[in-house]
Amino acid sequence: MIEDKNTALEVWTEHAFLKEMEAGCHAPLAAEALIKAESLTLTAAVGKIDGSRIIKRKVSTKKLNLNSLKKLGKGLAQKIKAAGAAEILARLKK
């Protein structure tokens, strides 16, 4: 099996964000991690189904190891939840 290290780190970062969000596959959320110039940037968003509110945040790091990137994804999820995403997702579950 051939695996690209940067792609794997990007995927694990996105996965850490999505796991912390505890939302299903139909939830209106997104995460994109990209490594460029020895830095990873994670951009994530959560929105209302009708698009009337979107919460978007971005974080970056030069610490390109798996544990740091998992913490980055989890931390961004916690920040987005605190900014109102928790309320948006809770309404979807009703």
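In this text the structure is predicted, and so the values were computed from the model without any measurement.

A. Spatial organisation of the packing of aromatic side chains. Taken as a whole and judged by the stated rule, the model has zero aromatic pairs. Lying over the aromatic face of Trp12, Lys70 brings its terminal NZ or CZ to 4.9 Å of the ring centre.

B. Structural view of the pairing of strand β3 (residues 54–61). Of the strand pairs in this sheet, strand β2 (residues 39–47) and β3 are connected by eight bridges, and their pairing is antiparallel. Within the sheet, the bridge partner assigned to Leu40 lies in β3 and is Thr61. Linking β2 back to β3 in an antiparallel pair, the connection comprises six residues, with Gly51 at a positive phi of about 80°.

C. Molecular detail of the environment of Ala45. If you trace the backbone, Ala45 turns up in strand β2. Exposure remark for Ala45: the relative accessible area of 17% places this residue in the buried category. When the C-alpha positions of Ala45 and Arg57 are compared, they lie 6.4 Å apart, and in sequence the two are 12 residues distant. Non-local contacts of Ala45, meaning those with residues more than four positions away in its chain, are made with Pro28, Leu29, Ala30, Ile54, Ile55, Lys56 and Ile80.

D. Region of interest: the side chain of Thr13. Here Thr13 is to be found in helix α1 (residues 5–21). Judged by relative accessible area, which is 0%, Thr13 ranks as buried. Discounting chain neighbours no more than four positions away, the residues touching Thr13 are Ala33, Leu40, Leu42, Leu69, Leu72 and Gly73.

E. The arrangement of the packing of α1 against helix α2 (residues 66–93) in detail. For the pair α1 and α2, the least separation of the axes is 7 Å and the interaxial angle reads 35°. As for how α1 packs across α2, the hand of that crossing is right-handed. When grouped by side-chain class, the residues that make up the contact of α1 with α2 number 13 nonpolar, three polar and four charged.

F. A look at the environment of Arg53. Note that Arg53 resides in the loop between β2 and β3. Classification of Arg53 by relative accessible area gives partly exposed; the value is 32%. On a C-alpha basis, the gap between Arg53 and Gly84 in space is 9.7 Å, while along the polypeptide they are 31 residues apart. Those residues in contact with Arg53 that lie beyond four places of it in its chain are Val46, Gly47, Lys48, Ala83, Gly84 and Ile88. Within the structure, the side chain of Arg53 is placed 3.0 Å from the backbone oxygen of Ala83, a separation counted as a polar contact.

About the criteria used
Residues numbered from 1 in each chain as written. Predicted model: local features only at pLDDT ≥ 70, side-chain atom pairs only at ≥ 80, totals over all residues. Heavy atoms only, no water. Phe/Tyr/Trp six-rings, centres within 6.5 Å; stacked < 30°, edge-to-face > 60°. Lys NZ or Arg CZ within 6 Å of the ring centre and 35° of its normal. Pairing = 2+ DSSP bridges. Helix = DSSP H or I, 4+ residues; strand = E, 2+ residues; numbered from the N terminus. Buried < 20%, exposed > 50% of the residue type's maximum accessible area, 1.4 Å probe, protein only. Contact = heavy atoms within 4.5 Å. Axes fitted to C-alpha atoms, helices over the stretch in contact; angles between N-to-C directions. Left-handed = near helix turned anticlockwise from the far one by under 90°. Nonpolar A, V, L, I, M, F, W, Y, C, P; charged D, E, K, R; others polar. Polar contact = N/O pair within 3.5 Å; in protein donor to acceptor, adjacent residues only side chain to side chain.

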